[in-house]
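# Observations on the model geometry
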Amino acid sequence: MKPMIDLNKQFLELKDEIFSELKEIFQSSQFILGKKVKAFEEMISAYHNVNSAVGVASGTDALFLSLLSIGLKKGDEVITTPFTFFATVEAIVYTGAKPVFVDIEPETFNIDVAQIESRITERTQAILPVHIFGHPADMVSILNIAKKYDLKVVEDCAQAFGAKIGNKKVGSFGDTGCFSFYPSKNLGAYGDGGMIITNDISIAERIRLLRNHGSKSSYIHKTIGYNSRLDEIQAGILSVKFKRIEEYNRKRQEKASLYTSLLNGYVKCPVVKDNMTHVYHQYTIVSEKRDLIQEHLKRIGIPSVIYYPLPLHLQEALSYLGYNKGDFPIAEKISSEVLSLPIYPELNEEDIVITAEAIKECLRK
Ligand SMILES: *Cc1c(COP(=O)(O)O)cnc(C)c1O
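Residues numbered from 1 in each chain as written. Predicted model: local features only at pLDDT ≥ 70, side-chain atom pairs only at ≥ 80, totals over all residues. Heavy atoms only, no water.

## Quick look at the pairing of strand 8 (residues 176-180)
The condition is simple: Partly exposed residues are those whose accessible area sits between 20% and 50% of the maximum for their type, while under 20% is buried and over 50% is exposed, using a 1.4 Å probe and protein chains only. Numbering goes from the N terminus for both helices and strands, where a helix is a DSSP run of H or I of at least four residues and a strand is a run of E of at least two. Any two strands with at least two DSSP-identified bridges between them are counted as paired.
Judged by how many residues are buried, strand 8 sits mostly within the fold: 5 of 5 residues are covered. Here strand 8 shows no split at all, with Thr176, Cys178 and Ser180 on one side and Gly177 and Phe179 on the other all buried. Inspection of the sheet shows strand 8 paired to strand 9 (residues 194-198) by 4 bridges, in the antiparallel sense. For Cys178, the partnering residue across the bridge sits in strand 9 and is Ile196.

## Let's talk about the site of the ligand
Basically, it comes down to this: A cutoff of 4 Å decides nearness: a residue is near a molecule or strand if any of its heavy atoms lies inside that distance of it. Pairs of N or O atoms are called polar contacts if they sit within 3.5 Å, as long as, within protein, a hydrogen donor faces a hydrogen acceptor (for residues adjacent in sequence, only side-chain-to-side-chain pairs). Where accessible areas are quoted, they stem from the Shrake-Rupley method and a 1.4 Å probe; at the residue level, only the protein chains shown are allowed to cover.
Of all residues adjacent to the ligand, which total 15 residues, the nearest are Gly59, Thr60, Asp156, Ser180 and Lys185. Between the ligand and Lys185, the relevant distance is 3.1 Å, taken from an oxygen atom to a side-chain nitrogen or oxygen of the residue. Protein coverage of the free-state accessible area of the ligand, which is 380 Å², stands at 92%. Those elements that place two or more of their residues in the shell around the ligand are helix 3 (59-69) and helix 4 (87-94).

## As for the packing of helix 1 (residues 7-28) against helix 7 (residues 232-242)
To be explicit about the condition: Axis geometry follows a simple rule: fit a line to the C-alpha atoms, using only the stretch in contact for helices, then measure angles between N-to-C directions, giving values from 0 to 180 degrees. To sort the angles, those under 35 degrees are grouped as roughly parallel, those over 145 as roughly antiparallel, those from 65 to 115 as roughly perpendicular, and the leftovers as oblique. Crossings are sorted by hand: turned counterclockwise from the far helix by less than a right angle, the near helix makes the crossing left-handed, and turned clockwise it makes it right-handed. In this analysis, two residues are considered to be in contact whenever any of their non-hydrogen atoms come within 4.5 Å of each other. Charged means Asp, Glu, Lys or Arg here, nonpolar means Ala, Val, Leu, Ile, Met, Phe, Trp, Tyr, Cys or Pro, and polar covers whatever is left, Gly included.
Between helix 1 and helix 7, the least distance of the axes is 9 Å, while the angle of their chain directions is 140°. Here helix 1 lies oblique to helix 7, going by the angle between them. In this structure, helix 1 meets helix 7 at a crossing whose hand is right-handed. Residues Gln10, Leu14, Glu17, Ile18, Glu21, Leu22, Ile25 and Phe26 of helix 1 lie in contact with helix 7, whose contacting residues are Glu232, Ile233, Gly236, Ile237, Val240 and Lys241. A class-by-class count of the residues in the contact of helix 1 with helix 7 yields 8 nonpolar, 2 polar and 4 charged.

## Observations regarding the nonpolar core
Here is the rule we go by: To define a nonpolar core, start from buried Ala, Val, Leu, Ile, Met, Phe, Trp, Tyr and Cys residues and group those joined through side-chain atoms within 4.5 Å.
Judged by nonpolar contacts, the single largest core of 60 residues is most densely connected at Phe109, Ile116, Ile142, Leu263, Tyr283, Leu341 and Ile359. With 6 residues, helix 11 (residues 349-364) is the single largest residue contributor to this core. Ignoring anything within four residues of it in the chain, the contact list for Ile359 reads Leu263, Val267, Ile285, Ile293, Leu297 and Leu341. Counting 29 residues, the second-largest nonpolar core is a separate cluster that includes Val37, Ile44, Leu230 and Ile237.

## A short note on the packing of helix 2 (residues 35-48) against helix 7
Put simply, helix 2 and helix 7 touch, their axes get as near as 8 Å, and they point 40° apart. Classed by the angle they form, the pair helix 2 and helix 7 counts as oblique. Helix 7 is crossed by helix 2, and the crossing has left-handed handedness. Residue-level contacts link Lys35, Lys36, Val37, Phe40, Met43, Ile44 and Tyr47 of helix 2 to Glu232, Ala235, Gly236, Leu238, Ser239 and Phe242 of helix 7. Here the residues of the contact of helix 2 with helix 7 sort into 8 nonpolar, 2 polar and 3 charged.

## Section: the sheet that holds strand 6 (residues 164-165)
Here we have 3 strands laid out as an open sheet, ordered 7-6-12, and antiparallel in their pairing. This sheet does not close on itself; its edge strands, each paired only once, are strand 7 (168-169) and strand 12 (276-277). For strand 6 and strand 12, the ladder comprises 2 bridges, and the chain directions are antiparallel. Looking at strand 12, one finds that Lys164 is bridged to Thr277.

## Here we look at the sheet that holds strand 5 (residues 152-156)
Whether parallel or antiparallel, the strands of a sheet pair through hydrogen bonds between backbone atoms. Taking strand neighbours across the sheet as the criterion, the 7 strands line up as 1-9-8-5-4-2-3 in an open arrangement whose pairing is mixed. Two strands in the sheet have a free side with no partner beyond their single neighbour: strand 1 (52-56) and strand 3 (98-101). Each adjacent strand pair in this sheet contributes to an overall mean axis angle of 25°, direction not counted. Two elements, strand 5 and strand 8, share 3 bridges in a ladder whose sense is parallel. When the sheet's bridge partners are listed, Asp156 is paired in strand 8 with Cys178. Sheet strands touched by helix 3: strand 1, strand 4 (124-128), strand 5, strand 8 and strand 9. Its angle to strand 8, the strand with the most contacts, is close to 160°.

Written out as structure tokens, the structure reads:
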């Protein structure tokens, strides 16, 4: 079986630059909160045209510390999507707040903004949209609702580094934008890492305290914080990859176009909404024959993954929230019909053709 994502190809291309970064860091013996993290934070804030970026230990922590920094507490409610990676909701639960789900739209798999207002209560404090698979959520509508009800907005951009609405990048719409540098993400480290971007200097300050034991100067603690720092080694590696992120995303878009040109009419291919830029963290098709397709691909050694097989409102870990089957019909139906195909910048076009042919063959039978 071929791998779903081959990180080694990219490593071989970047090897010399990465080793020279590592050498510099090892020789400096500065491993925590040094100049590599600071320089990388500056690259990220400039790229997003925001005034602050704060490196943290993971995407999950980026969400958690964001939610703390906007003042979330026990009993508050946060509106989010049931069709996302589990960490989105874990971050809400860590603060003591309650996740409140809203169904998704069937085309982009993002939160259905038309259903948000009906879930707002006097306890609602924030909306947490996820730009799932790299397609932006409808931030214009979400910001309008947030303004009307005086809610905060935290964006989960873990799968959408570089995605845009018009010319504005995701993460720069909400009070904070949260990124993950998990190795398989569009901008991936060689370990864990995360980043929060914001235009609010006081939020950035709070997160800088929270990520480092509540401390700004050594052994003086203003608050109870955490140990959640992006480390110098990951920041150095990420700086090398960041220089190429536009090229990497463009290559993902080219691979996606090829898949779509071959598969359109056979399965539902990803759509891109007007004025939006999709960065294809995943290339995800929809078919009632999903299981058949996956079986067939597996038999001939082609990988594919179901992101996500069980929506979050039906997860055992969240049963205490009291949701039932049927509560979010679109998320449930989509979970039973989606299949993600291999996509990464270095993927061979030949492999795309082979995968598409195999899917068509299976559907012709
Ligand atoms: C990867 C991911 C996260 C968590 O990021 P980590 O860096 O793995 O903690 C959160 N939300 C979404 C949507 C993700 O895909």
